[in-house]
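# Per-entry structural report
Spelled out from the first residue to the last, the chains are:
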Amino acid sequence: MIYKTANDWNQSKSKRVMLFGMSGLGKTHISQILRDQGSWFHYSVDYRIGTRYMGEHIADNFKKEAMRNPFLAELLRSDAIYIAANMKFSDLSPLSTYLGKPGDTSKGGIAFDEYLRRQRLHRDAEINAMKDTVHFIHRAKELYDYDNFVCDTSGSVVEVVDPNDKNDPVMSLLSDHVLPIWIDGGSGHTDVLVERFAKAPKPMYYQEDFLLDCWENYLSEKSVAPVDVNPDDFILWGYQKLLENRLPRYAQIAKNWGVRVDAKDIANVHNCEDFSAVVSAALEAR
């Protein structure tokens, strides 16, 4: 850990953190507060995934849909128009749309094999985007003279590292440069997170073995064929299973490389000073 004690954190002129945990618990909200109210550089892993590593796939998916319209198809062929995703830190819908939902195509689903292929692309993209954190720390300082840095991770960071391996290459690299901070919502936040996800789905990545088990269990439990799966129902069902599966693994990451903060404390953060106090308390508790 780059800050061993609360005093190390409080005295440091260069505060660098990595926020991780389930989507909907405040990672991006806190990052925006730090960016807007203080001298913090905000690096969004999801944004990097959607622009640097998945941007071409996302745009091609849009173009494929547009090519079904003869009017748009002719304009695309002649380069009279172009189509691109407008990714934002606070709106990851282009990435979510590309990853899609498996199931009945007449209800907006995609074939499970295609869903699996896109999941694999996302895994590689997320690993690369996580490693890019180090590059952006240096870039933030050299180009913009930012000493403070917040890495706003994807909720699925836990799926691309091994929480039980203290030598995990991704976490070993990151923990040399940032303090990993787990925002713990506990099991009590499950219903709220599922409700938020239903209203505004975030990009979802599952470890492949877990995804295959979920898919088979869902088909068996619902007595439904793959082509008849309601994609909206499966994605919510799978999200709830994922919440339960991730909690102990988030805790292990915090134990090995960082600290834990309570989502309730994060919800009460309104400025940089509030955030610094929460981190200081977490280091003291550790």
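- Per an unreviewed UniProt entry, the protein chain goes by the name ATPase and belongs to Paramylibacter kogurei.

### Here's the deal with the pattern of salt bridges
- Tallied over the entire structure, the rule returns 15 salt bridges.
- Where arginine 249 meets glutamate 159, a salt bridge forms, and the shortest distance between an N and an O atom there is 3.0 Å. One end of the pair, arginine 249, is in helix α11 (residues 231-257); the other, glutamate 159, is in the loop between β3 (148-152) and α8 (169-175), with 90 residues separating them in the sequence. Across this residue pair, the class does not change: arginine 249 and glutamate 159 are buried.
- A single network of salt bridges, built from pairs that share partners, joins Glu114, Arg117 and Arg118.

### Some points on the packing of helix α10 (residues 208-222) against α11
- Where α10 contacts α11, the two axes come as close as 11 Å, and the packing angle between them is 125°. By the angle between their directions, the pair α10 and α11 is classed as oblique. Considering how the two elements wind past one another, α10 and α11 form a crossing that is right-handed. Note on element contacts: α11 touches α10 through Asp233, Phe234, Trp237, Lys241, Leu242 and Asn245, opposite Phe210, Leu211, Cys214, Trp215, Asn217, Tyr218, Glu221 and Lys222.
- Grouping the constituent residues of the contact of α10 with α11 by class yields eight nonpolar, two polar and four charged.

### Here's the deal with α10
- With 15 residues, α10 extends 21 Å from end C-alpha to end C-alpha; this agrees with the ideal 21 Å at 1.5 Å per step.
- Taken residue by residue, α10 has Phe210, Leu211, Cys214, Trp215, Tyr218 and Leu219 as its buried positions. Burial along α10 is one-sided: seen end-on, the buried residues are contained in an arc of 165°. Residues of α10 that are exposed and angled more than 90 degrees away from the buried face: Asp209 and Ser220.
- Packed against the buried residues of α10 are α7 (112-144) and α11.

Cut-offs and rules
Residues numbered from 1 in each chain as written. Predicted model: local features only at pLDDT ≥ 70, side-chain atom pairs only at ≥ 80, totals over all residues. Heavy atoms only, no water. Salt bridge = Lys/Arg side-chain N within 4 Å of Asp/Glu carboxyl O. Helix = DSSP H or I, 4+ residues; strand = E, 2+ residues; numbered from the N terminus. Buried < 20%, exposed > 50% of the residue type's maximum accessible area, 1.4 Å probe, protein only. Axes fitted to C-alpha atoms, helices over the stretch in contact; angles between N-to-C directions. Parallel < 35°, antiparallel > 145°, perpendicular 65-115°, else oblique. Left-handed = near helix turned anticlockwise from the far one by under 90°. Contact = heavy atoms within 4.5 Å. Nonpolar A, V, L, I, M, F, W, Y, C, P; charged D, E, K, R; others polar. Expected span 1.5 Å × (residues − 1). Arc of directions from axis to C-beta.

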